Each structure stands twice: as C-alpha cells, then as structure tokens.
Amino acid sequence: MTIEQMYTGCLAEAAYYIESAGEVAIIDPLRETKPYLDRARADGAVIKYIFETHFHADFVSGHLDLAAKTGASIVFGPTAQPGYKACVAKDGEEFRVGEVKIRVLHTPGHTLESSTFLLLNDAGKEIAIFTGDTLFIGDVGRPDLAVKTDLTRDDLAGYLYDSLHTKIMTLPDDVIVYPGHGAGSACGKNMSKETTDTLGNQKRFNYALRAQSKEAFVKEVTNGLVPPPQYFPKNAVMNKMGYNSLDAVMQQGTLALSPAAFEAAANATNALILDVREASVFAKGFIPNAINIGLEGQFAGWVGTLIPDLKQPILLVVPKDKTEEAVLRLARVGYDNCIGYLNGGFDAWQADGREVDAIRSISAEAFANLFEQTPNLPVLDVRRKSEYDSEHIIGVENLPLDFINENMARIDKHKTYYVHCAGGYRSMIAISILNARGFTNLVDVTGGLTALKQTNRLPLTNYVCPKTLL
C-alpha cells in the first residue's frame, strides 16, 4: 500500500494518492489531472475511485475531468446532491482498493455532506483518516460555509462537535490524520504548519478537541471568524453542479496577442488586465488600469477574494514562460474566462510606444523621516485586521485588502496616502486596485512593516498574539 500526500503550497491544499495492488484512489484532487495520471502510470496502476470529502469552496476540484479521463467513479458522502453522475455513499459504506478498504464516515459540520474517509489495511486495522475540512492539524473546519441552508453557523458547529466526538475521536490514537488543508487556508483559523499527525496528538493538543462541552466548542470555533472570501460559495456551486473542462480553459487562456490585439481585446470585452509580475517590477512600469497580483504570493486566493465575477474576461501580463501557470492557477479557483496574454509581455507593450504608468515608492528609512516630521501623516495598513490588532504603527489606519472593494469610500482621492502591508506584496495589489479606480495619490512603502520595524524609529503598539489568522 502507498499513501502519498500531494500538497500545493499556494492553496495550502492536500490531495491524496492511495495505491494498493494496482488500484488507486484519489482524494480531493486539484483541477489539473496530469499529476494523478502520471503518478498512476508510473505505478502501472488504474485509478478506480475519486473520493470527495465535500463540495470544496476554496478551489475547483478535478474530479469531473479525472473521471472523464479514467472512467473512475466519483464518490461523495451522504446527503450530497451533485448535478452529475456520482456515487452518493451511505454512512459506513466501504470501497475496496486493491487489498485495502476505504470506509465512509459521514461527519457533517463544516458542510452538511462533509465526510471523512477511513483507510483500513488488509487485516481490517484502522490506518489513516482523510478528514477533508472536518479536522485539521491544530484546528477544525469553519462551520459557516454550507451553501443554501437555513442552519446557522452555531448549528453547524454543533453538528461538527458531534461528528468529531462520535466518528473520529473514538478511533485509535495511532491513526494518522491526513487533512485537506494546512496553514494559510481560509477554511480554518488556527492551522498548524504541519500537514499530518497522529490522532492521539490531536486529541492532546488541538484546542477544538479539548473543549469540555458542546457549548464551549461552539464558542471556540466560531470566535474570531470573519466573512469567507466571496468566491467560496461560487466554487462550491461549480464543484456541485459541474464546470468546463480544463483543457478548453487552458487553450483559450494561452492565446498569444500582439500589443494591438491585446488592447483591442481589452476594449471589446471590457476585460480586466491582470499583471502577475512581482510587485517591485510592476511598480516601475505597467499598462494603465492593470491590476497587480503577483504569482509569487498566494495568487489564487487573492484573485478569488478581489475579483467578484468568476466570468470576468481576463487578459494576462505575465513573465516569460509563466503563462500556463497563471491560467492554471486562475482555473483552480474558477476563473475560466482568461482570453489571452500579451505576447512579449510588458516589454513588447512599451517597445510598441504605448501608454504606461508607474507607482511611486518610498524606502522604510525615508518613510520614518517623513513620519517623524509630519503630524497625522495619512498611512494605510492593508494587512488583515487580526495582523493590525496584533501590532501596528500608532496612528496608522487599517484598510484590510480583503475588503478593499467594500471600503473604498473611506479614502479621499485628493489626499496622498502611504500604503504598507507586511512585506510589499499586498500593498502593491491594493495600490493597483485603487489606482485603477482613480486614486492616484498613493505611495508604496517598500518592504512593508517588516522593513519599517527594522528602522527602530516608529512608535508601535504592544505586540499581542493574534487569536485568529482569518
């Protein structure tokens, strides 16, 4: 038997490959099918089942394309109502994969159809659980993501408590926990950087599993939750009802366009120009009204948080040889309407003599000088509220990037603002969005709060350990 965790860091997502005697089960695959097909081919094995722990909200699963290419059966837990052919298993139902079995444990709470898959070896011993978003390392799934239900998050948290205590915590301590996500995912608030652990350790150290009562558990897991990113329910619907094949999406998105054709396409379709170069490179020159979300960061998550319409036509400005990566990472979160990229990149646009824009920047030391000399200097800290509450420069306003579209009215177009985040990635996203909306008096503080603290010249609030990463 082989168990392989196939972890994708930029989404903090874990898919799983289980092989026994030439048969394979895939759990929670990402949208691209090639890694799973290649892995099975290397083993000389056949993919028999594709197990989905729930209708994922933070990414589009690859279950439909993978089933179409392999003939494998898609398996959901009880109460799932997919809009395509799939097996909706009964609680306790078992599926044989080679010499091992996978048992379905219905564990509602994160969502109503959420299920955990228990792996049993050929002797019937419990080996591992694949928990999806029911149980993480250090945390449990947030209970506010169920689509189209009258249940409150407290109701779902209560279901989650029951699921954990009746289905999971009754298992032996040596069972290995394989969760659906790690630190950085918005599906939980206190996840460990570790991506696997024993159940016994989680019983001892996971705050949610140590709760003394259902009431205490509900209070703990709902405390500090902020609204989920706007794309979450839209991705869940795609996973439930179906979507276009990734092959078609990739073919459309990787269409090379000359500068003239790129501009014509932007004008004809009202496309969003998405520049995925590094923030420092973008700042030196970009196409007017382009939005910068760099591939080097949590690209897909920020795209999903900040671009409201999944069907929005998108034109890409990408570094050399990064086009396919950009289109794929957009598709992973449901943005399937990329209509091409600028052939030759920004250099080709500039060489063609077309209009360009740039962002003003200031070093941390220069900012410290200005801050000391200018009372009430307008500064925007665009980190998450939990980060700001943990530590910030005294007198600085918090305008979280997560909710910038909703809070734009708080900014005065006639005032010059200095903008920072933790390291510079998010501040450039924020400035590019605001700049495209007519807020042109913005200055990026290079290096963000990390660089600012190193000057040892700015007044900071006392550090408080953040209670939540959301």
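Refer to the structure printed above.
Please read all numbers here as calculations on a predicted model, not as lab measurements. (Residues numbered from 1 in each chain as written. Predicted model: local features only at pLDDT ≥ 70, side-chain atom pairs only at ≥ 80, totals over all residues. Heavy atoms only, no water.)

Some points on the environment of P466
Consideration 1: Relative to the elements of secondary structure, P466 occurs in the segment after α17 (448–454).
Consideration 2: With relative accessibility at 28%, the residue P466 sits in the partly exposed group.
Consideration 3: Each C-alpha atom of the pair P466 and A157 lies 22 Å from the other, and the pair is 309 residues apart in sequence. (Helix = DSSP H or I, 4+ residues; strand = E, 2+ residues; numbered from the N terminus. Buried < 20%, exposed > 50% of the residue type's maximum accessible area, 1.4 Å probe, protein only.)

What about the side chain of D402?
Consideration 1: By the element assignment, D402 lies in the loop between β20 (397–398) and α15 (404–407).
Consideration 2: The buried category is assigned to D402, whose relative accessible area is 17%.
Consideration 3: Setting aside residues no more than four positions away along its own chain, D402 makes contact with W302, T305, L306 and R384. (Contact = heavy atoms within 4.5 Å.)

Regarding the environment of P78
Consideration 1: Turning to its location among the elements, P78 is positioned in the loop between β5 (73–76) and β6 (87–88).
Consideration 2: For the pair P78 and I411, spaced 333 residues apart in sequence, the C-alpha to C-alpha distance is 48 Å.
Consideration 3: In this structure P78 touches V88, A89, K90, D91, V104, H106, L112, E113 and S115, once residues within four positions along its chain are discounted.

Examining the pairing of strand β22 (residues 442–445)
Consideration 1: Neither face of β22 is exposed, since L442 and D444 on one face and V443 and V445 on the opposite face are all buried.
Consideration 2: Bridge count for strand β18 (residues 360–362) against β22 is three bridges, and the pairing is parallel. Bridging from a neighbouring strand, S361 pairs with D444 of β22.
Consideration 3: As judged from the three bridges shared by strand β21 (residues 417–420) and β22, these two strands associate in the parallel manner. (Pairing = 2+ DSSP bridges.)

Quick word on the packing of helix α10 (residues 299–306) against helix α16 (residues 425–436)
Consideration 1: Relative to each other, α10 and α16 sit at 30 degrees, their axes nearing to 13 Å. Our classification of the angle between α10 and α16 gives roughly parallel. Of the two elements, α10 crosses α16, and the hand of that crossing is right-handed. Across the interface between the two elements, F299, W302 and L306 of α10 pack against Y425, R426, I429 and I433 of α16. (Axes fitted to C-alpha atoms, helices over the stretch in contact; angles between N-to-C directions. Parallel < 35°, antiparallel > 145°, perpendicular 65-115°, else oblique. Left-handed = near helix turned anticlockwise from the far one by under 90°.)

Thoughts on the environment of D389
Consideration 1: Here D389 shows up in helix α14 (residues 385–390).
Consideration 2: Each C-alpha atom of the pair D389 and N462 lies 9.7 Å from the other, and the pair is 73 residues apart in sequence.
Consideration 3: At a separation of 2.6 Å, a polar atom in the side chain of D389 contacts the side chain of K385. (Polar contact = N/O pair within 3.5 Å; in protein donor to acceptor, adjacent residues only side chain to side chain.)

Quick look at the state of the cysteines
Consideration 1: Tallied over the entire structure, the rule returns zero disulfides.
Consideration 2: The thiol sulfur of C187 is not disulfide-bonded, and the nearest other cysteine sulfur, from C10, lies at 14 Å.
Consideration 3: Judged by its relative accessible area of 1%, C187 falls in the buried class. (Disulfide = S-S within 2.5 Å.)

Describing helix α1 (residues 34–43)
Consideration 1: Buried within α1 we find Y36, L37 and A40. Here the buried residues of α1 occupy an arc of 100 degrees about the axis, which is enough to place them on one side. Exposed side of α1, more than 90 degrees from the buried face: K34, R41 and A42 are the residues found there.
Consideration 2: Looking at the buried positions of α1, the neighbouring elements they touch are β1 (2–8), β2 (13–20), β3 (23–27), β4 (46–51) and α2 (63–70).
Consideration 3: The positive-phi residue at the C-terminal boundary of α1 is G44, with phi of around 65 degrees. (Arc of directions from axis to C-beta.)

Digging into the sheet that holds β3
Consideration 1: With respect to topology, six strands assemble into an open sheet ordered β1-β2-β3-β4-β5-β6, the strand pairing being mixed. The open sheet has two edge strands, β1 and β6, and neither has a second partner.
Consideration 2: Looking at chain direction, β2 and β3 are connected through five bridges and run antiparallel. Its bridge partner lying in β3, E19 is registered against V24.
Consideration 3: Lying on the sheet, α1 is in contact with β1, β2, β3 and β4; it crosses β2 at an angle near 25 degrees.
Consideration 4: Of the strands in this sheet, β3, β4 and β5 are in contact with α2, which crosses β4 at around 155 degrees.

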